[in-house]
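# Fold and contact review
Chain by chain, the residues:
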Amino acid sequence: MFYRENGQFKSSYRADLALFPVAQDRWFMLAFAAIAFVAVPMLASDYSFRAVLIPFLILALAAIGLNILVGYCGQISLGTGAFMAVGAYAAYNLQVRIEGMPLLVALIGGGLAATVVGVLFGIPSLRIRGLYLAVATLAAQFFMDWFTNRVKWVTNDSSSGSVSVNSLQMFGYEFNTPTQKYLLCLSLVVVFALLAKNLVRGAIGREWMAMRDMDVAASVIGIRPVYAKLTAFAVSSFIVGVAGALWGFVHLGAWEPAAFGIDKSLQLLFMIIIGGLGSIAGSFFGAAFIVLLPLLLNYVPHWLGLSISTATASHLEHMIFGALIVFFLIVEPHGLARLWSTARQKLRLWPFPH
Amino acid sequence: MQFRNLARTAALAAAGLSMVVAGSLAQAQPAEQFVPLLVYRTGQFAPLGIPWADGKQDYLKLVNARDGGVNGVKLTYEECETAYDAAKGVECYERLKGKGSGASGFDTQSTGITFAVTDKAFVDKVVVETPGYGLSQSADGTVFEWNFPLLGTYWTAADVMIQDIAKKEKGNLKGKKIALVYHDSPYGKEPIPLLQKRAAAEGFELSLFPVTPPGVEQKSTWLQIRQQKPDYVLFWSAGVMTPAGIREAQASGYPREKIYAVWWAGSDHDVKDIGAGAKGYNAITLHNSAAKDKVHEDLKKLVYDKGQGTGPADGIGSIAHTRGMMISMLQVEAIRAAQEKYGKGKSLTPEQVRWGFENLNLTADKLKALGFGEVMRPVKTSCSNHMGDDWARIVQWDGGKWEIKSDWYQSEKTYIDPLVKEYAAKYAKDKNVKPRAC
């Protein structure tokens, strides 16, 4: 009833290729953007910015990056944490070593450094695939763990191996309050999400998907595996690197190598599997699931007025979280994004299904 | 089927949204003072974290039960599980910093979390107390206005260990080999600058053996130690790494009497299961946390016998539990000191409590009255000295219990002070912090 597209005619190819061909979608996204950019900054508390929204946005960005590689190009990677680390440490070094470095340039620089490392560790993907490639990218993870822990230069000779960033400034403008940081993250996420969405809809995205579905057939019809796979690695690690730099700079402020350990890689992989492989929206759903659900479970006993010990609450949280992951994977193996699209299909016919 | 799932998803999403909007939980009543308790009862450090967390909470319960709070102001508290993870720790910090009249002080229990919240504390104006851990240079109160590494830092710990070794070697360490086996994290790396400086001055050879966290696998490290035969091993470990390391030392035949563990690796749970195998294992104590005093009896009588204890009753008196109580006691005394200035019987803001931390003066008489006379020596902080007075003793495991082996030590200020100044100045420069005049 509310979601019918009757009467919406597409009279040009341009209209047919639009990002949101259905008018309701367009309005919904515009309203959503308005809420995110205007209403949330006015209403949300400092706590929800710093502990909920900012980590959610940054991890969603990293998940988009990983989704390009795993979901669209079919190259399983366990090295996401490493690429985030490259982004974060490269941005840190740019900021520390060059006086007055604008934040945005440092973030992009972090992304570019991650691109180089990503392509380097992507080269084995030309020969090996599947689980074997996953193990090869695991090498990237261990290498970066070692590199950031052992090479003094990376941490600017910090005695403890922990680094911290000073003020976040860009062309004389400083990002101090949580609201400003939130808006910075939100803007970057919106830009990169649109970029990624358009990339995967274009020629290059189709090449990635062809490689994913059957690489031999793809190369027979003239897609160069080297180009397709390495561009996927490059674009993916660029986005992941920027997300890593944001995670270090905006969310943590000070971090140790453990912040980008194998846990982070696995967490991101779970995110895109639960959210939906090969879906940009799925990256957001997955990030929301992984970031918000543990917090929610943590709060539930408080709301119910139960006084259970911290340890029990923490164990319960892990158990319920694990059970929910299994539940969602059984009910919808294609992730939350598929649930969303099924809901949309139903809504189009509601209230008069066939 | 699909619709039911959808409904569930929607419900979940709605609940998530309401949480975002609701933000922090309900506010506390007036005339209460809120103490946030960051703890880790799960994860690789849980063996250490559990008695520590129990001790912290037990002492607050004791103050409420014995004295009815601080001058009538009841202490409220809430635990938040960090699992020793910096991101989770930051979330806990954000969640608890504004509760009640403001968080009285964060004992983060982790060097990593301390790093992450130190920068935020400058902006939020809340105290970060790190008794016996944290950033060693934060002893400099002119730069680190909000940090209080009370009682001692890793630099003072390392210094005291070297002093005790020097005593055993009759004052001459020239040509000796000392190894540092450490948890490869900011926590484990913290003593290195001091040890390097000491090595250069005394002429001993320092070799470093990082152990990848969580440190369950240490075979290769102890094999190397067996080959290199260092005269002493300093053991910077925590949680599951400690018993694993002692077992490897036992297996490779390295004498346990030559091992010196930092205070976080020297508690009962670290050695109890190994028993006689750990005989001779040395540990340094923060002040004298191996001792027992009146506070333990009070706790048993007023809290545990009424069934309100946080942990198991046989945990009372273990080193980690006592240390937890000491930390809470310092927090409570800071509140008391601040109340004397800003009004007795009132809830205080974090900034007011900070004044209390900076003007702590725990004399021997006061400590005796609190039941900590045997456990601690007097401590006095000031605007420039946020550590107060560091004291430490060496204890040794005799196979069944800890024995106090040495007299009181205090760190050698000729080594510590310049290092604190140098690193604090570097921090101030990096962060554009203008040091206060004291």
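First things first, this report covers the structure right here in the doc.

All right, on to the overall build of chain A then. A count of helical and extended segments in chain A gives 14 helices and four strands. For 354 residues, the compact-globule estimate of 2.2 N^0.38 gives 20 Å, and chain A sits close to it at 21 Å. Taken along the three principal axes of its C-alpha coordinates, chain A extends 70 × 60 × 45 Å. Here chain A holds 354 residues, and 46% of them are scored as buried. Of the contacts made within chain A by residues no fewer than 6 positions apart, 77% connect residues no fewer than 24 positions apart.

Listed per partner, the contact involves 35 residues of chain A and 40 residues of chain B. Those elements that provide at least two residues to the side of chain A that touches chain B are α3 (46-72), β4 (254-255), α12 (280-304), α13 (310-331) and α14 (336-349) of chain A. For the side of chain A that touches chain B, a count of residues per class yields 17 nonpolar, 16 polar and two charged.

What tends to happen in soluble globular proteins is that the nonpolar side chains get buried as a cluster. By size, the foremost hydrophobic cluster in this structure holds 233 residues, and its most contacted members are I58, L61 and L246 of chain A. Counting residues per element, this core draws most heavily on α3 of chain A, at 20 residues. In this structure, this core is formed jointly by two domains, domain 1 (32-153 + 291-391 + 418-431) and domain 2 (154-290 + 394-410) of chain B, each of which donates at least three residues. If sequence neighbours within four positions are ignored, L246 of chain A has contacts with I58, L61, L107, C185, L188 and H251 of chain A.

The next point concerns the sheet that holds strand β5 (residues 177-183) of chain B. Across a sheet, strands are paired by hydrogen bonds formed along the backbone, either parallel or antiparallel in direction. All names here are of chain B. Spatial ordering of the open sheet is given by β6-β5-β7-β8-β9-β12-β13, a layout of seven strands whose pairing is mixed. Of all strands in the sheet, those with a lone pairing partner are β6 (205-211) and β13 (402-404), marking the two edges. For this sheet, the mean angle separating the axes of adjacent strands, direction not counted, is 25 degrees. In the sheet, strand β12 (residues 392-397) pairs with β13 via three bridges, with the strands oriented antiparallel. Considered in β13, the bridge of W397 is made with W402.

Moving on to unusual backbone geometry. A cis amide bond, omega 0 degrees, links W350 of chain A with the succeeding residue P351 of chain A. In this fold, P351 of chain A is placed in the segment after α14. Here the residue pair P213 of chain B and P214 of chain B is connected by a cis peptide bond, since its omega of 0 degrees sits within 30 degrees of zero. With respect to the helices and strands, the residue P214 of chain B is situated in the loop between β6 and α8 (219-228). Although it is not a glycine, A83 of chain B adopts a positive phi angle of roughly 55 degrees. Position of A83 of chain B among the secondary structure elements: in the loop between β2 (74-81) and α3 (86-96).

Rules used in this analysis
- Residues numbered from 1 in each chain as written.
- Chains lettered and ligands numbered in written order.
- Predicted model: local features only at pLDDT ≥ 70, side-chain atom pairs only at ≥ 80, totals over all residues.
- Helix = DSSP H or I, 4+ residues; strand = E, 2+ residues; numbered from the N terminus.
- Rg over C-alpha atoms; globule rule 2.2 N^0.38 Å.
- Buried ≥ 20, exposed ≤ 12 C-beta atoms within 10 Å, placed from the backbone.
- Contact = placed C-beta atoms within 7 Å.
- Nonpolar A, V, L, I, M, F, W, Y, C, P; charged D, E, K, R; others polar.
- Core = buried A, V, L, I, M, F, W, Y, C linked by C-beta atoms within 7 Å.
- Domains from an automatic or database assignment.
- Pairing = 2+ DSSP bridges.
- Axes fitted to C-alpha atoms, helices over the stretch in contact; angles between N-to-C directions.

Just distances and angles here, no functional claims.
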